[in-house]
Amino acid sequence: MKNLNKFLVLAAIAVFMSSCKDEKKEMADKKVDQFKSYVDSISNVAAEETSENWESIQAKYEQTKLEAEEALNNLENKAEKEADMDKIATKYEEYKAEVVQKRNAMFRENLRSTLFTEKISEDMSFAWVNKDNIADVYSHFVDTVDKNKDTYNREEWDEIKLLYEALDTRKNTVEKEGLSSKDNIKISGLKIKFATMYRINRATAKSDENAEAKE
């Protein structure tokens, strides 16, 4: 009788352990499937459409991935599922790279459209700037920066500086075309104004971002 009871207890324990393993596997399967479904759903959307909401998408991705990883930690044999996770993560990173590229392009285009009245070519040659309009181009550029200087982040300031330097390069060419003394003096004043704004506000933007990162 004692042996029978012992056998029944061991059998019950075995069933219980098997049940636990099955539940853990089912949970792991469920979480990995949810992770895959989320990445698949995001990857099927055009990068242009997700770029504006990327922060929330990234947060959801991290959460879904973490839940799947935690479920896998409870499994003894998880190599196959981990391989699946790696494939899913790789797919997401490839899509993320595409989104980042689109976001950067949109960011540059939007910023440039506010700083200049003409479209800027990729080589930033400013071929449309000449001795007759260059003073107005500088004026519009510096006035726009002055108006928005408190809203620019560090990345935007870096792009602004890049554009400013390209415009300066164009000025060297325009001067040879007979730039008037009046316009030259006006541009010199604008250049001093910009240099001061850039030095102060670029440093402030960096300090603000560092402070936010620590919070």
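What you see is a predicted model, and the numbers here were worked out from it, not measured in a lab. (Residues numbered from 1 in each chain as written. Predicted model: local features only at pLDDT ≥ 70, side-chain atom pairs only at ≥ 80, totals over all residues. Heavy atoms only, no water.)

1. Brief notes about the packing of helix 5 (residues 134–148) against helix 6 (residues 154–175)
Heads up, the rule is: Axis lines are fitted through C-alpha atoms, for helices just across the contact stretch, and the angle between N-to-C directions can take any value from 0 to 180 degrees. By definition, any uninterrupted DSSP run of H or I lasting at least four residues is a helix, any uninterrupted run of E lasting at least two residues is a strand, and each is numbered from the N terminus. When describing relative orientation, an angle under 35 degrees is termed roughly parallel and one over 145 degrees roughly antiparallel, while 65 to 115 degrees is termed roughly perpendicular and anything else oblique. Helix crossings fall into two classes, left-handed where the near helix is turned counterclockwise from the far one by less than a right angle and right-handed where it is turned clockwise. We call two residues in contact when some of their heavy atoms are within 4.5 Å. As a working rule, the residues Ala, Val, Leu, Ile, Met, Phe, Trp, Tyr, Cys and Pro are called nonpolar, Asp, Glu, Lys and Arg charged, and the rest polar, with Gly in that last group.
Where helix 5 contacts helix 6, the two axes come as close as 11 Å, and the packing angle between them is 165 degrees. As summarised for this structure, helix 5 and helix 6 are arranged roughly antiparallel, according to the angle between their axes. Considering only the axes of helix 5 and helix 6, their crossing is left-handed. Across from Ile134, Val137, Tyr138, Phe141 and Val145 in helix 5, the residues of helix 6 making contact are Trp157, Ile160, Leu163, Tyr164, Leu167, Asp168, Lys171 and Val174. Tallied by class, the residues present in the contact of helix 5 with helix 6 amount to eleven nonpolar, no polar and two charged.

2. Some thoughts on the confidence of the model for the chain
The condition is simple: One number per residue, pLDDT, summarises how confident the predictor is, and it ranges from 0 to 100.
Residues of the chain with pLDDT of at least 70 account for 85%, and the chain-wide mean is 84. The secondary structure element of the chain with the lowest average pLDDT is helix 1 (residues 2–43), at 67, and the one with the highest is helix 5, at 97. Scored below 50 in pLDDT, residues 7–20 makes zero contacts in the model with residues more than four places away or belonging to other chains. The low-confidence segment residues 210–215, where pLDDT is below 50, has zero contacts with residues more than four positions distant or belonging to other chains.

3. Observations regarding the pattern of salt bridges
Using the following cut-off: The salt bridge definition used is simple: a Lys or Arg side-chain nitrogen within 4 Å of an Asp or Glu carboxyl oxygen. Burial classes follow relative accessibility: with a 1.4 Å probe on protein chains only, a residue under 20% of its type's maximum area counts as buried, one over 50% as exposed, and anything between as partly exposed.
All told, the structure shown has 14 salt bridges when counted by the stated rule. Between Lys149 and Asp146 there is a salt bridge whose closest N-O contact spans 2.8 Å. Here Lys149 falls in the partly exposed class, since its relative accessible area comes to 24%. Assessed through its relative accessible area of 24%, Asp146 is described here as partly exposed. The closest approach of N and O atoms between Asp168 and Lys191, which form a salt bridge, is 2.7 Å. In this pair, Asp168 is assigned in helix 6 and Lys191 in helix 7 (residues 181–214), connecting sequence segments 23 residues apart. Asp168 sits in the buried class, given a relative accessible area of 17%.

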